[in-house]
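Spelled out from the first residue to the last, the chains are:
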Amino acid sequence: MTPFVQNNLRPALEGKKILLGVTGSIAAFKACEIVRGLRACGARVRVVLTESAEQFVTKTTMETLSGEPVYTSLWNTGNAAQGTHHIDAARWADLALIAPATANTIAKLALGLADDLLSTELLAFQGPILIAPAMNPAMYAHSAVQHNVALLTARGTLVLGPTAGLTACGEEGQGRMLEADEIIELVAQSFYAKANGKQVLLTLGPTRSAIDPVRFISNRSSGLMGAAMAWACVRAGYRVRAICGPTTATLPLSVQVTQVETAAEMAAQVLEGWKTSDVFISAAAVLDWDVTNPETEKIKKEQGQLPTLEFKKNLDILAEVAKHRRDGQFVLGFAAETNDALANGRRKLAAKNCDAIFINDVSQADQGFESETNAGWWVA
(Lines give C-alpha, C1' and ligand atoms only; values in the text may rest on other atoms or scores of the structure.)
Protein backbone atom coordinates (compact mmCIF):
# COMPACT_ATOMS: atom_id res chain seq x y z
CA MET A 1 0.00 0.00 0.00
CA THR A 2 1.46 3.34 -1.02
CA PRO A 3 1.66 6.25 1.46
CA PHE A 4 -0.82 8.13 -0.78
CA VAL A 5 -3.48 5.41 -0.47
CA GLN A 6 -2.72 4.88 3.21
CA ASN A 7 -3.24 8.58 3.95
CA ASN A 8 -6.53 8.56 2.05
CA LEU A 9 -7.85 5.50 3.92
CA ARG A 10 -6.80 6.76 7.35
CA PRO A 11 -9.75 9.18 7.85
CA ALA A 12 -12.18 6.25 7.58
CA LEU A 13 -10.16 3.74 9.62
CA GLU A 14 -8.53 5.84 12.32
CA GLY A 15 -9.51 4.43 15.72
CA LYS A 16 -11.84 1.77 14.29
CA LYS A 17 -11.87 -1.63 16.02
CA ILE A 18 -11.75 -4.56 13.61
CA LEU A 19 -12.40 -8.20 14.50
CA LEU A 20 -10.47 -10.26 11.94
CA GLY A 21 -11.48 -13.91 11.68
CA VAL A 22 -8.91 -16.11 9.94
CA THR A 23 -9.99 -19.56 8.76
CA GLY A 24 -8.23 -22.60 7.34
CA SER A 25 -7.14 -21.61 3.84
CA ILE A 26 -3.72 -21.19 2.30
CA ALA A 27 -4.82 -17.59 1.69
CA ALA A 28 -4.45 -17.08 5.44
CA PHE A 29 -0.97 -15.70 4.74
CA LYS A 30 -2.67 -12.61 3.28
CA ALA A 31 -4.28 -11.98 6.66
CA CYS A 32 -0.87 -10.93 7.95
CA GLU A 33 -0.76 -8.11 5.39
CA ILE A 34 -4.36 -7.18 6.19
CA VAL A 35 -3.43 -6.72 9.84
CA ARG A 36 -0.36 -4.65 8.95
CA GLY A 37 -2.31 -2.49 6.50
CA LEU A 38 -5.25 -1.85 8.82
CA ARG A 39 -2.89 -0.84 11.64
CA ALA A 40 -0.96 1.44 9.27
CA CYS A 41 -4.25 3.22 8.58
CA GLY A 42 -4.89 3.75 12.29
CA ALA A 43 -7.25 0.84 13.02
CA ARG A 44 -7.02 -1.61 15.92
CA VAL A 45 -7.24 -5.29 15.01
CA ARG A 46 -8.01 -8.30 17.16
CA VAL A 47 -7.63 -11.68 15.48
CA VAL A 48 -9.62 -14.86 16.01
CA LEU A 49 -7.91 -17.93 14.56
CA THR A 50 -9.82 -21.12 13.90
CA GLU A 51 -8.15 -24.43 14.67
CA SER A 52 -7.55 -24.97 10.95
CA ALA A 53 -6.16 -21.47 10.49
CA GLU A 54 -3.43 -22.26 13.00
CA GLN A 55 -2.07 -24.76 10.47
CA PHE A 56 -1.17 -21.79 8.25
CA VAL A 57 -0.44 -18.83 10.57
CA THR A 58 0.44 -18.79 14.25
CA LYS A 59 -0.98 -17.01 17.24
CA THR A 60 2.44 -15.51 17.95
CA THR A 61 2.64 -14.05 14.44
CA MET A 62 -0.76 -12.41 14.73
CA GLU A 63 -0.11 -11.08 18.22
CA THR A 64 3.16 -9.56 17.04
CA LEU A 65 1.58 -7.92 13.98
CA SER A 66 -1.59 -6.71 15.70
CA GLY A 67 -0.23 -5.73 19.10
CA GLU A 68 -3.48 -7.13 20.50
CA PRO A 69 -4.53 -10.41 22.12
CA VAL A 70 -5.30 -13.22 19.68
CA TYR A 71 -8.14 -15.64 20.40
CA THR A 72 -8.09 -19.31 19.38
CA SER A 73 -10.36 -21.28 21.68
CA LEU A 74 -13.98 -21.20 22.69
CA TRP A 75 -12.76 -21.99 26.18
CA ASN A 76 -10.77 -19.60 28.31
CA THR A 77 -7.69 -21.62 29.29
CA GLY A 78 -6.11 -18.84 31.34
CA ASN A 79 -6.42 -18.17 35.05
CA ALA A 80 -9.11 -15.49 34.66
CA ALA A 81 -12.76 -16.30 35.21
CA GLN A 82 -14.54 -17.78 32.19
CA GLY A 83 -17.22 -15.07 32.09
CA THR A 84 -18.20 -14.08 28.55
CA HIS A 85 -14.90 -14.93 26.88
CA HIS A 86 -16.75 -16.44 23.92
CA ILE A 87 -18.29 -13.08 22.90
CA ASP A 88 -15.68 -10.59 24.14
CA ALA A 89 -14.41 -9.73 20.66
CA ALA A 90 -17.97 -9.30 19.37
CA ARG A 91 -18.68 -6.75 22.09
CA TRP A 92 -15.40 -4.92 21.39
CA ALA A 93 -15.44 -4.60 17.59
CA ASP A 94 -16.96 -2.02 15.24
CA LEU A 95 -16.73 -4.37 12.25
CA ALA A 96 -16.07 -8.07 11.67
CA LEU A 97 -13.99 -9.21 8.71
CA ILE A 98 -13.51 -12.88 7.82
CA ALA A 99 -10.47 -13.22 5.54
CA PRO A 100 -10.04 -15.81 4.28
CA ALA A 101 -13.54 -17.25 4.58
CA THR A 102 -13.68 -20.97 3.76
CA ALA A 103 -16.74 -22.83 2.49
CA ASN A 104 -17.10 -24.36 5.94
CA THR A 105 -17.12 -21.02 7.77
CA ILE A 106 -19.50 -19.51 5.21
CA ALA A 107 -21.89 -22.43 5.81
CA LYS A 108 -21.68 -22.00 9.59
CA LEU A 109 -22.45 -18.30 9.31
CA ALA A 110 -25.36 -18.95 6.91
CA LEU A 111 -26.87 -21.61 9.16
CA GLY A 112 -26.25 -19.83 12.43
CA LEU A 113 -24.00 -22.54 13.83
CA ALA A 114 -21.77 -21.76 16.80
CA ASP A 115 -19.43 -24.68 17.41
CA ASP A 116 -16.14 -22.79 17.75
CA LEU A 117 -14.98 -19.37 18.93
CA LEU A 118 -15.19 -17.57 15.60
CA SER A 119 -18.70 -18.77 14.72
CA THR A 120 -19.87 -17.91 18.25
CA GLU A 121 -18.42 -14.40 18.03
CA LEU A 122 -20.05 -13.85 14.65
CA LEU A 123 -23.44 -15.00 15.90
CA ALA A 124 -23.20 -12.53 18.78
CA PHE A 125 -21.83 -9.65 16.70
CA GLN A 126 -24.37 -6.97 15.80
CA GLY A 127 -22.30 -4.75 13.50
CA PRO A 128 -21.36 -5.05 9.83
CA ILE A 129 -19.83 -8.36 8.72
CA LEU A 130 -17.57 -8.63 5.67
CA ILE A 131 -16.32 -11.94 4.29
CA ALA A 132 -13.58 -12.58 1.72
CA PRO A 133 -14.10 -16.11 0.31
CA ALA A 134 -11.08 -18.21 -0.67
CA MET A 135 -11.31 -21.75 -2.00
CA ASN A 136 -10.95 -24.04 -4.98
CA PRO A 137 -12.97 -22.69 -7.96
CA ALA A 138 -15.10 -25.84 -8.17
CA MET A 139 -15.92 -25.56 -4.48
CA TYR A 140 -16.94 -21.92 -4.83
CA ALA A 141 -19.12 -22.73 -7.85
CA HIS A 142 -20.96 -25.52 -5.97
CA SER A 143 -24.65 -24.80 -5.59
CA ALA A 144 -24.49 -25.22 -1.80
CA VAL A 145 -21.77 -22.58 -1.45
CA GLN A 146 -23.55 -20.24 -3.86
CA HIS A 147 -26.77 -20.69 -1.90
CA ASN A 148 -25.02 -19.82 1.36
CA VAL A 149 -23.32 -16.77 -0.16
CA ALA A 150 -26.65 -15.55 -1.53
CA LEU A 151 -28.29 -16.10 1.85
CA LEU A 152 -25.60 -14.08 3.64
CA THR A 153 -25.81 -11.31 1.04
CA ALA A 154 -29.58 -11.09 1.52
CA ARG A 155 -29.00 -10.67 5.26
CA GLY A 156 -26.65 -7.74 4.67
CA THR A 157 -23.28 -9.48 4.85
CA LEU A 158 -20.86 -7.86 2.40
CA VAL A 159 -19.06 -10.44 0.25
CA LEU A 160 -15.65 -9.26 -0.99
CA GLY A 161 -14.74 -11.19 -4.11
CA PRO A 162 -13.50 -13.74 -4.77
CA THR A 163 -11.71 -12.95 -8.00
CA ALA A 164 -10.79 -15.17 -10.93
CA GLY A 165 -7.21 -16.34 -11.26
CA LEU A 166 -4.72 -19.05 -10.46
CA THR A 167 -5.46 -20.62 -7.08
CA ALA A 168 -3.01 -22.42 -4.79
CA CYS A 169 -4.24 -25.80 -6.01
CA GLY A 170 -3.11 -24.88 -9.52
CA GLU A 171 -6.59 -24.47 -10.96
CA GLU A 172 -7.85 -21.35 -12.72
CA GLY A 173 -11.22 -19.84 -11.89
CA GLN A 174 -13.19 -17.77 -9.43
CA GLY A 175 -12.08 -18.60 -5.93
CA ARG A 176 -8.93 -16.57 -5.37
CA MET A 177 -9.15 -14.22 -2.38
CA LEU A 178 -8.79 -10.52 -3.09
CA GLU A 179 -5.42 -8.96 -2.32
CA ALA A 180 -4.87 -7.42 1.11
CA ASP A 181 -4.88 -3.82 -0.15
CA GLU A 182 -8.20 -4.34 -1.94
CA ILE A 183 -9.77 -5.83 1.19
CA ILE A 184 -8.48 -2.99 3.38
CA GLU A 185 -9.97 -0.43 1.01
CA LEU A 186 -13.33 -2.20 1.01
CA VAL A 187 -13.28 -2.29 4.82
CA ALA A 188 -12.62 1.46 4.83
CA GLN A 189 -15.41 1.95 2.29
CA SER A 190 -17.89 0.38 4.68
CA PHE A 191 -17.26 3.28 7.06
CA TYR A 192 -17.76 5.99 4.39
CA ALA A 193 -20.77 8.27 4.43
CA LYS A 194 -23.92 6.72 3.03
CA ALA A 195 -24.44 7.35 -0.65
CA ASN A 196 -26.19 10.65 -1.29
CA GLY A 197 -27.08 9.85 -4.90
CA LYS A 198 -25.02 12.75 -6.25
CA GLN A 199 -22.69 12.18 -9.21
CA VAL A 200 -19.26 13.81 -9.42
CA LEU A 201 -17.52 14.09 -12.76
CA LEU A 202 -13.80 14.61 -12.29
CA THR A 203 -10.80 15.02 -14.57
CA LEU A 204 -7.21 14.35 -13.60
CA GLY A 205 -3.75 13.94 -15.03
CA PRO A 206 -2.24 15.46 -18.18
CA THR A 207 -3.19 15.17 -21.82
CA ARG A 208 -0.79 14.42 -24.65
CA SER A 209 -0.36 15.59 -28.22
CA ALA A 210 1.67 13.42 -30.59
CA ILE A 211 4.65 14.79 -32.54
CA ASP A 212 5.37 11.41 -34.15
CA PRO A 213 4.72 7.79 -33.13
CA VAL A 214 7.51 8.05 -30.52
CA ARG A 215 7.35 11.61 -29.16
CA PHE A 216 4.59 13.73 -27.69
CA ILE A 217 4.00 17.05 -25.93
CA SER A 218 2.56 16.92 -22.42
CA ASN A 219 3.01 18.53 -19.00
CA ARG A 220 4.11 17.59 -15.48
CA SER A 221 0.68 16.79 -14.06
CA SER A 222 0.85 13.56 -12.02
CA GLY A 223 -2.89 13.25 -11.34
CA LEU A 224 -2.32 13.19 -7.57
CA MET A 225 -4.50 16.26 -6.90
CA GLY A 226 -7.39 14.82 -8.86
CA ALA A 227 -6.98 11.42 -7.22
CA ALA A 228 -7.05 13.04 -3.77
CA MET A 229 -10.28 14.79 -4.74
CA ALA A 230 -11.74 11.47 -5.90
CA TRP A 231 -10.92 9.84 -2.56
CA ALA A 232 -12.49 12.76 -0.67
CA CYS A 233 -15.67 12.59 -2.77
CA VAL A 234 -16.04 8.83 -2.29
CA ARG A 235 -15.58 9.21 1.48
CA ALA A 236 -18.33 11.85 1.43
CA GLY A 237 -20.75 9.44 -0.23
CA TYR A 238 -20.66 10.68 -3.83
CA ARG A 239 -20.64 8.47 -6.89
CA VAL A 240 -17.56 9.40 -8.90
CA ARG A 241 -16.67 9.09 -12.55
CA ALA A 242 -13.07 10.00 -13.39
CA ILE A 243 -11.82 10.97 -16.84
CA CYS A 244 -8.11 10.21 -16.57
CA GLY A 245 -5.23 11.34 -18.71
CA PRO A 246 -2.05 9.23 -18.54
CA THR A 247 -1.41 8.84 -14.80
CA THR A 248 -0.32 6.24 -12.27
CA ALA A 249 -2.25 7.86 -9.40
CA THR A 250 -4.37 5.33 -7.48
CA LEU A 251 -8.13 5.87 -7.44
CA PRO A 252 -10.72 4.26 -5.14
CA LEU A 253 -12.05 0.91 -6.34
CA SER A 254 -15.59 2.31 -6.54
CA VAL A 255 -14.69 5.04 -9.04
CA GLN A 256 -15.79 4.57 -12.65
CA VAL A 257 -12.66 5.28 -14.69
CA THR A 258 -12.43 6.32 -18.34
CA GLN A 259 -8.90 6.53 -19.75
CA VAL A 260 -8.10 9.16 -22.39
CA GLU A 261 -4.93 10.58 -23.91
CA THR A 262 -5.72 13.70 -25.91
CA ALA A 263 -7.52 16.91 -25.01
CA ALA A 264 -10.18 16.17 -27.62
CA GLU A 265 -10.88 12.75 -26.11
CA MET A 266 -11.16 14.26 -22.64
CA ALA A 267 -13.49 16.99 -23.87
CA ALA A 268 -15.82 14.50 -25.55
CA GLN A 269 -16.07 12.33 -22.44
CA VAL A 270 -16.59 15.30 -20.11
CA LEU A 271 -19.30 16.97 -22.15
CA GLU A 272 -21.20 13.69 -22.42
CA GLY A 273 -20.79 12.89 -18.72
CA TRP A 274 -21.78 16.40 -17.61
CA LYS A 275 -25.33 15.80 -18.82
CA THR A 276 -25.98 13.42 -15.92
CA SER A 277 -23.61 14.82 -13.25
CA ASP A 278 -24.15 17.18 -10.33
CA VAL A 279 -20.58 18.34 -9.72
CA PHE A 280 -17.64 18.89 -12.07
CA ILE A 281 -14.10 18.97 -10.67
CA SER A 282 -11.59 20.09 -13.29
CA ALA A 283 -8.30 18.87 -11.82
CA ALA A 284 -6.72 17.74 -15.10
CA ALA A 285 -3.95 19.76 -16.73
CA VAL A 286 -5.30 19.92 -20.27
CA LEU A 287 -2.98 21.11 -23.05
CA ASP A 288 -4.04 24.47 -24.42
CA TRP A 289 -2.74 23.57 -27.89
CA ASP A 290 -2.39 20.34 -29.84
CA VAL A 291 -0.02 19.55 -32.70
CA THR A 292 -1.94 19.52 -35.98
CA ASN A 293 0.76 17.99 -38.19
CA PRO A 294 2.20 14.95 -36.37
CA GLU A 295 4.44 12.72 -38.47
CA THR A 296 3.27 9.19 -39.21
CA GLU A 297 6.86 7.87 -39.01
CA LYS A 298 9.53 8.56 -36.40
CA ILE A 299 11.42 11.78 -37.15
CA LYS A 300 15.09 10.89 -37.63
CA LYS A 301 17.70 13.28 -36.32
CA GLU A 302 19.88 12.32 -39.29
CA GLN A 303 17.50 14.28 -41.49
CA GLY A 304 19.41 17.35 -40.29
CA GLN A 305 16.42 19.64 -40.15
CA LEU A 306 14.33 20.58 -37.14
CA PRO A 307 10.67 19.60 -37.56
CA THR A 308 8.19 22.41 -37.94
CA LEU A 309 5.23 21.97 -35.64
CA GLU A 310 1.85 23.55 -36.23
CA PHE A 311 -0.68 23.98 -33.45
CA LYS A 312 -4.39 24.44 -32.95
CA LYS A 313 -6.13 25.72 -29.84
CA ASN A 314 -8.04 23.12 -27.86
CA LEU A 315 -11.56 23.50 -26.55
CA ASP A 316 -11.59 25.10 -23.08
CA ILE A 317 -13.27 22.23 -21.23
CA LEU A 318 -13.81 24.12 -17.97
CA ALA A 319 -15.39 27.14 -19.64
CA GLU A 320 -17.55 24.92 -21.84
CA VAL A 321 -18.83 22.94 -18.85
CA ALA A 322 -19.62 26.15 -16.93
CA LYS A 323 -21.39 27.53 -19.99
CA HIS A 324 -23.75 24.55 -20.08
CA ARG A 325 -24.32 24.43 -16.31
CA ARG A 326 -27.91 23.84 -15.19
CA ASP A 327 -29.49 24.97 -11.94
CA GLY A 328 -28.07 22.94 -9.07
CA GLN A 329 -24.87 21.91 -10.86
CA PHE A 330 -21.54 22.99 -9.32
CA VAL A 331 -18.29 23.64 -11.19
CA LEU A 332 -14.88 23.66 -9.49
CA GLY A 333 -11.81 24.76 -11.40
CA PHE A 334 -8.11 24.58 -10.60
CA ALA A 335 -5.42 27.14 -11.34
CA ALA A 336 -1.74 26.15 -11.32
CA GLU A 337 0.24 29.39 -11.28
CA THR A 338 3.92 30.33 -11.01
CA ASN A 339 3.68 34.04 -10.22
CA ASP A 340 1.06 36.36 -8.73
CA ALA A 341 -0.93 33.16 -8.15
CA LEU A 342 -3.89 34.58 -6.27
CA ALA A 343 -4.55 37.42 -8.73
CA ASN A 344 -4.19 35.16 -11.77
CA GLY A 345 -6.44 32.57 -10.19
CA ARG A 346 -9.14 35.14 -9.49
CA ARG A 347 -9.03 36.22 -13.10
CA LYS A 348 -9.46 32.61 -14.19
CA LEU A 349 -12.47 32.21 -11.89
CA ALA A 350 -14.18 35.18 -13.53
CA ALA A 351 -13.17 34.26 -17.08
CA LYS A 352 -14.31 30.64 -16.83
CA ASN A 353 -17.48 31.42 -14.86
CA CYS A 354 -16.81 28.68 -12.27
CA ASP A 355 -18.57 28.44 -8.93
CA ALA A 356 -15.21 28.13 -7.18
CA ILE A 357 -11.54 27.68 -7.94
CA PHE A 358 -8.56 26.23 -6.12
CA ILE A 359 -5.35 28.18 -6.76
CA ASN A 360 -1.89 26.88 -6.00
CA ASP A 361 1.61 28.15 -6.67
CA VAL A 362 3.31 25.27 -8.48
CA SER A 363 6.71 26.95 -8.24
CA GLN A 364 6.81 25.77 -4.61
CA ALA A 365 8.46 22.36 -4.28
CA ASP A 366 6.05 21.06 -1.62
CA GLN A 367 2.81 22.02 -3.36
CA GLY A 368 3.44 21.79 -7.07
CA PHE A 369 3.45 19.07 -9.67
CA GLU A 370 4.38 15.50 -8.69
CA SER A 371 4.07 16.34 -4.98
CA GLU A 372 2.00 14.33 -2.48
CA THR A 373 1.28 17.52 -0.52
CA ASN A 374 -0.46 20.68 -1.66
CA ALA A 375 -1.50 24.10 -0.43
CA GLY A 376 -3.31 27.05 -1.96
CA TRP A 377 -6.38 29.26 -1.92
CA TRP A 378 -10.02 28.31 -2.31
CA VAL A 379 -11.83 31.23 -3.92
CA ALA A 380 -15.56 31.30 -4.62
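Right, let's walk through the structure included here. (Residues numbered from 1 in each chain as written. Predicted model: local features only at pLDDT ≥ 70, side-chain atom pairs only at ≥ 80, totals over all residues. Heavy atoms only, no water.)

Quick look at the overall build of the protein chain now. Scanning the protein chain from N- to C-terminus turns up 13 helices and 19 strands. A principal-axis box enclosing the C-alpha atoms of the protein chain has dimensions of 80 × 50 × 35 Å. Buried positions account for 48% of the 380 residues belonging to the protein chain. Of the roughly 18,600 Å² of accessible surface on the protein chain, a fraction of 51% belongs to carbon and sulfur atoms. (Helix = DSSP H or I, 4+ residues; strand = E, 2+ residues; numbered from the N terminus. Buried < 20%, exposed > 50% of the residue type's maximum accessible area, 1.4 Å probe, protein only. Areas by Shrake-Rupley, 256 points an atom, 1.4 Å probe, with all protein chains shown as cover.)

Summarising the sheet, strand E7 (residues 163–166) and strand E8 (residues 172–176) pair through four bridges and their orientation is antiparallel. Pairing of Ala 164 across the sheet is with Gln 174, part of E8. Hairpin connection between E7 and E8: a loop of five residues separates the two successive antiparallel strands, and Gly 170 in this loop has a positive phi of roughly 90 degrees. (Pairing = 2+ DSSP bridges.)

Moving on, we come to the pattern of salt bridges. By the definition in use, this model includes 12 salt bridges. Across the pair Arg 36 and Glu 33 runs a salt bridge, and its minimum N-O distance is 3.7 Å. Highlighted residues: Arg 36 and Glu 33, both in helix H2 (residues 29–40), separated by three residues, approximately one helical turn. Judged by relative accessible area, which is 49%, Arg 36 ranks as partly exposed. For Glu 33, a relative accessible area of 44% corresponds to the partly exposed category. A salt bridge links Asp 212 to Arg 215; the nearest nitrogen and oxygen atoms lie 2.4 Å apart. A single salt-bridge network, built from bridges that share partners, covers Lys 30, Arg 176 and Glu 179. (Salt bridge = Lys/Arg side-chain N within 4 Å of Asp/Glu carboxyl O.)

Attention now moves to the sheet that holds strand E1 (residues 17–22). Read from one edge of the open sheet, six strands run E3-E2-E1-E4-E5-E6, paired in parallel fashion. Only two strands of the sheet have a single neighbouring strand rather than two, namely strand E3 (70–71) and strand E6 (158–159). As paired elements, E1 and strand E2 (residues 44–49) share six bridges and run parallel to each other. If you follow Val 22 over to E2, its bridge partner there is Leu 49.

Before going further, it helps to spend a moment on the nonpolar core. Counting 63 residues, the largest nonpolar core has Leu 20, Val 22, Ile 34, Met 62, Leu 97 and Ile 183 as its most contacted members. When residues in this core are grouped by element, the largest group, seven residues, is from helix H10 (residues 224–235). The residues contacting Met 62, other than those within four sequence positions of it, are Val 22, Ala 31, Cys 32, Val 35, Val 47, Leu 49, Val 57, Gly 67 and Val 70. If you look at the next biggest cluster of nonpolar residues, it comprises 26 residues, including Ala 103, Ile 106, Ile 131 and Leu 152. (Core = buried A, V, L, I, M, F, W, Y, C linked by side-chain atoms within 4.5 Å. Contact = heavy atoms within 4.5 Å.)

Strand pairing in a sheet is mediated by backbone hydrogen bonds. Such pairs are either parallel or antiparallel. If you trace the seven strands from one edge of the open sheet to the other, you get E13-E12-E9-E14-E17-E18-E19, paired in mixed fashion. Edge positions in the sheet fall to strand E13 (256–259) and strand E19 (377–379), since each has one partner strand and no second. Taking each pair of neighbouring strands and ignoring which way they run, the sheet shows an average axis angle of 15 degrees. Summarising the sheet, strand E9 (residues 199–204) and strand E12 (residues 239–244) pair through six bridges and their orientation is parallel. Along E12, the bridge assignment pairs Leu 201 with Arg 241. Along the sheet, H10 makes contact with E9, E12, strand E14 (279–282) and strand E17 (330–337), crossing E9 at roughly 165 degrees. Helix-sheet contacts for helix H11 (residues 263–273) involve E9, E12, E13 and E14, and the interaxial angle to E12 is about 160 degrees. (Axes fitted to C-alpha atoms, helices over the stretch in contact; angles between N-to-C directions.)

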